[in-house]
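Per-entry structural report
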Amino acid sequence: KQEVTQIPAALSVPEGENLVLNCSFTDSAIYNLQWFRQDPGKGLTSLLLIQSSQREQTSGRLNASLDKSSGRSTLYIAASQPGDSATYLCAAISGSARQLTFGSGTQLTVLP
Amino acid sequence: GAGVSQTPSNKVTEKGKYVELRCDPISGHTALYWYRQSLGQGPEFLIYFQGTGAADDSGLPNDRFFAVRPEGSVSTLKIQRTERGDSAVYLCASHTGSGANVLTFGAGSRLTVL
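The structure reproduced in this document is the subject of the present report. (Residues numbered from 1 in each chain as written. Chains lettered and ligands numbered in written order. Predicted model: local features only at pLDDT ≥ 70, side-chain atom pairs only at ≥ 80, totals over all residues. Heavy atoms only, no water.)

1. What about the overall build of chain B?
Going by this rule: Where helices and strands are cited, they refer to DSSP runs of H or I of at least four residues and of E of at least two residues respectively, numbered from the N terminus. Here the globule rule is a power law, 2.2 Å times the number of residues to the power 0.38, and the radius of gyration is based on C-alpha atoms. When accessible area is computed with a 1.4 Å probe and restricted to protein chains, residues below 20% of their type maximum are described as buried, those above 50% as exposed, and intermediate ones as partly exposed. The method behind every accessible area is Shrake-Rupley, applied with a 1.4 Å probe, and residues are considered shielded solely by the protein chains displayed. None of His or the chain ends enter the tally, which takes Lys and Arg as positive and Asp and Glu as negative. To locate a charge, the coordinates of NZ of Lys, CZ of Arg, CG of Asp or CD of Glu are taken.
For chain B, the count of helices and strands is zero helices and 11 strands. Along chain B, from the amino end to the carboxyl end, the secondary structure elements read β-β-β-β-β-β-β-β-β-β-β. What you see for chain B is a C-alpha radius of gyration of 13 Å, in line with the 13 Å of a compact globule of 114 residues. Expressed as a percentage of the 114 residues in chain B, the buried residues total 46%. Total accessible area computed for chain B in this model is approximately 5,300 Å², and 48% of it derives from carbon and sulfur atoms. One way to put it: in chain B the 11 positive side-chain charges average out to a point 6 Å from where the 10 negative ones average out.

In structure tokens form, the structure reads like this:
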């Protein structure tokens, strides 16, 4: 059974810092890995999807990497802004149903 | 529609009551998923539909939970004899059923069982 772990559970940084969020998964037989953002009381917004054959994806200030052999993914956020404050969730996509197995998330606070 | 729509956005009910939660996916999306998210946790998979059929219901916690998608579009999650532990946000997501599997999530239905 796939298990996904995210470290740290919470992170607080001053505005302008670069930061890295970590995600690890136990079963390397994944199809894709996806990073989401969740604002309080809201649904999930997809940020980046990395297919199993890829090693990274970039979108603006965000860069996500994938290392299947070690069961790890990272989300790098450059020049953080207060508007980046949210919970960031990673999810491994596996199984015949292509279902997502989520980590518990990292709650990020960017201080102005 | 333009996005995944879920109703109601909030539902408060008493223990033992029956509840239905509705999901209206993006038009043309054949794949539909239900997830449940408890406070401080990531969403947990409940059930997956491909078209009208439940292709994988392995995440449903017990037989009080049931979901249908009779016409391959709107889906209803049904919870019988609700318990306080059922309190959570129920999320629905859909995608095209092929390709890179980019899911679009709805805003969720927050269920509170008193």
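Next comes the rest of the description.
2. Considering the pattern of salt bridges
Residue and element names in this part refer to chain B. Defined as follows: Salt bridge, as used here, is a side-chain nitrogen of Lys or Arg placed within 4 Å of a carboxyl oxygen of Asp or Glu.
Using the criterion set out here, one finds five salt bridges over all chains in the structure. The salt bridge involving Arg64 is made with Asp86; its shortest N-O contact spans 2.8 Å. A residue pair is termed long-range when its members are at least 10 positions apart, and Arg64 in the loop between strand E6 (53-56) and strand E7 (65-68) and Asp86 in the loop between strand E8 (75-79) and strand E9 (88-95) qualify at 22 residues. Comparing Arg64 with Asp86, the two get one shared label, buried.

3. Regarding the nonpolar core
Across soluble globular proteins, nonpolar side chains show a tendency to be buried alongside one another. Put simply, the rule is: What is meant by a nonpolar core is a set of buried Ala, Val, Leu, Ile, Met, Phe, Trp, Tyr and Cys residues, joined one to another through side-chain atoms within 4.5 Å. When checking whether two residues touch, look at their non-hydrogen atoms; a contact exists if any pair is within 4.5 Å.
Counting 22 residues, the largest nonpolar core has Leu33, Trp35, Leu75, Ile77, Tyr88 and Leu108 of chain A as the members making the most contacts within it. Contributing elements (two or more residues each) for this core: strand E3 (19-25), strand E4 (32-38), strand E5 (44-51), strand E7 (62-67), strand E8 (72-77), strand E9 (86-94) and strand E11 (106-111) of chain A. Setting aside residues no more than four positions away along its own chain, Tyr88 of chain A makes contact with Gln6, Leu21, Phe36, Arg37, Leu47, Leu75, Ile77, Gly105, Thr106 and Leu108 of chain A. By size, the runner-up hydrophobic cluster in this structure holds 20 residues, among which are Val19, Phe65, Tyr90 and Val113 of chain B.

4. Overview of the side chain of Gln38 of chain A
Here is the rule: Counting of polar contacts relies on pairs of N or O atoms within 3.5 Å, with two restrictions inside protein: one atom must be capable of donating a hydrogen and the other of accepting it, and residues adjacent in sequence are counted only when both atoms are side-chain atoms.
Its location among the elements puts Gln38 of chain A in strand E4. A residue is classified by how much of its surface remains accessible, and Gln38 of chain A, at 11% relative accessible area, is buried. Within polar-contact distance, the side chain of Gln38 of chain A engages the backbone oxygen of Lys42 of chain A at 3.0 Å. Contacts of Gln38 of chain A, omitting those with residues within four sequence positions, involve Gly43, Leu44, Ala86, Thr87 and Leu89 of chain A together with Gln37 of chain B.

5. Points about the packing of aromatic side chains
Heads up, the condition is: Each Phe, Tyr or Trp ring, with Trp reduced to its six-membered ring, pairs with another whose centre is within 6.5 Å; inter-plane angles below 30 degrees give stacked pairs, above 60 give edge-to-face pairs, and intermediate values give tilted ones.
According to the stated counting rule, one finds eight aromatic pairs over all chains in the structure shown. In textbook terms, an aromatic cluster arises when at least three aromatic residues are bridged by ring pairs, as seen for Phe36 and Phe102 of chain A together with Tyr33, Tyr35, Phe45, Tyr48 and Phe105 of chain B.

6. What about the interface of chain A and chain B?
Here is the rule we go by: Throughout, the accessible surface (probe 1.4 Å) given up by two parts as they are put together, summed over both, is called the buried area.
In this assembly, 20 residues from chain A lie in contact with 19 residues from chain B. Roughly 1,400 Å² is buried in total at the junction of chain A and chain B, and carbon and sulfur atoms are behind 55% of that figure. At the boundary of chain A and chain B, one finds zero salt bridges. Elements with a contribution of two residues or more to the side of chain A that touches chain B: E4, E5, E9 and strand E10 (99-102) of chain A.

7. Describing the sheet that holds E7 of chain A
Residue and element names in this part refer to chain A. Put simply, the rule is: Any two strands are treated as partners once DSSP identifies two or more bridges connecting them. Structural elements are reduced to axes, namely lines fitted to C-alpha atoms, with helices fitted over the stretch in contact, and the angle between N-to-C directions of any two is expressed from 0 to 180 degrees.
With antiparallel pairing, five strands are arranged side by side in an open sheet as E1-E3-E8-E7-E6. Each end of this open sheet is capped by a strand with a single partner; those strands are strand E1 (4-7) and strand E6 (56-59). With direction set aside, neighbouring strand axes in the sheet form an average angle of 15 degrees. Where E6 and E7 come together, four bridges link them in antiparallel fashion. Each bridged residue has a counterpart across the sheet, and for Glu56 the counterpart in E7 is Ser65.

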